[in-house]
Amino acid sequence: MREYLPILMFLLVAIAFAGGTIGLSSLIVPRRRNPIKDSAYECGVEPVGTARERFTIKFYLVAVLFILFDIEAVFLYPWAVAMRHIGLYGLIEMILFIVILAVGYLYLIKKRALDWE
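Described in the following lines is the structure provided in the data block. (Residues numbered from 1 in each chain as written. Predicted model: local features only at pLDDT ≥ 70, side-chain atom pairs only at ≥ 80, totals over all residues. Heavy atoms only, no water.)

**Structural notes on the environment of Leu114**
Along the chain, Leu114 turns up in the segment after α5 (83-110). Leaving out residues up to four positions away in the same chain, Leu114 has contacts with Val62, Leu65, Tyr105 and Leu108. (Helix = DSSP H or I, 4+ residues; strand = E, 2+ residues; numbered from the N terminus. Contact = heavy atoms within 4.5 Å.)

Structure (C-alpha cells):
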C-alpha cells in the first residue's frame with residue numbers, strides 16, 4: 001500500500017488544483033451579462049438553422065474512419081515498448097498489421113470515401 005502513496009498524493013493535488021482554480025475563477029471573474037455574450041457561438045459564424053438539422057451519411061463515415069485509423073495507431077505503442085521481448089516474430093506481425101492498414105487506407109482512397117463532395 002505504501003507504493004501507492006505518491007499516486008494518491010498526486011491525485012489529491014490534481015483535484016485540489018482543479019477545484020481551486022474553478023472556485024477562484026468563479027469568485028474573481030466579473031459577471032456582465034448582455035445579449036451578445038448569451039448568444040450561440042459557432043466559430044465566429046452566425047448559427048443558421050436548428051440543432052436538429054440532418055447530416056449526410058458521408059459525415060459519419062469520415063468520422064468513423066478517422067476514429068478507426070486514429071485508434072489503430074495506438075496499437076503501435078505497446079508493440080514498440082515490447083519490441084525487445086517479442087523479437088522477430090513480433091516484428092513480422094507488426095509489419096503484417098501495418099500492411100493490412102495500408103491496404104485498407106488505399107482502398108478508401110480508391111473508393112473516394114474520404115472526399116467531402
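Having seen it, we continue.
**What to know about unusual backbone geometry**
The phi dihedral of Arg112 is positive, around 55°, even though this residue is not glycine. With respect to the helices, strands and loops of the structure, Arg112 is situated in the segment after α5. Given a relative accessible area of 47%, Arg112 falls into the partly exposed group. (Buried < 20%, exposed > 50% of the residue type's maximum accessible area, 1.4 Å probe, protein only.)

**Some remarks on the packing of helix α3 (residues 57-74) against α5**
The relative placement of two packed helices is expressed as an angle between their axes plus a distance between the axes. At a minimum axis separation of 12 Å, α3 and α5 run at an interaxial angle of 160°. Judged by the inter-axis angle, α3 sits roughly antiparallel to α5. Note on packing geometry: the crossing formed by α3 with α5 is left-handed. Along the contact surface, α3 presents Leu65, Phe69 and Glu72, while α5 presents Phe97, Leu101, Gly104, Tyr105 and Leu108. Looking at the contact of α3 with α5 residue by residue, the class counts come to six nonpolar, one polar and one charged. (Axes fitted to C-alpha atoms, helices over the stretch in contact; angles between N-to-C directions. Parallel < 35°, antiparallel > 145°, perpendicular 65-115°, else oblique. Left-handed = near helix turned anticlockwise from the far one by under 90°. Nonpolar A, V, L, I, M, F, W, Y, C, P; charged D, E, K, R; others polar.)

**Describing the packing of aromatic side chains**
This structure, assessed with the given rule, holds three aromatic pairs. A centroid spacing of 5.7 Å and a plane angle of 80° characterise the contact between Phe69 and Tyr105, whose relative ring orientation is edge-to-face. One end of the pair, Phe69, is in helix α3; the other, Tyr105, is in helix α5, with 36 residues separating them in the sequence. What makes Phe69 partly exposed here is its relative accessible area of 24%. What makes Tyr105 partly exposed here is its relative accessible area of 40%. Seen from their ring centres, Phe75 and Phe97 are 6.4 Å apart, and the 90° between their planes marks the pair as edge-to-face. Here Phe97 lies in helix α5 and Phe75 lies in the loop between α3 and α4 (76-81), a separation of 22 residues in the sequence. With relative accessibility at 46%, the residue Phe75 sits in the partly exposed group. (Phe/Tyr/Trp six-rings, centres within 6.5 Å; stacked < 30°, edge-to-face > 60°.)

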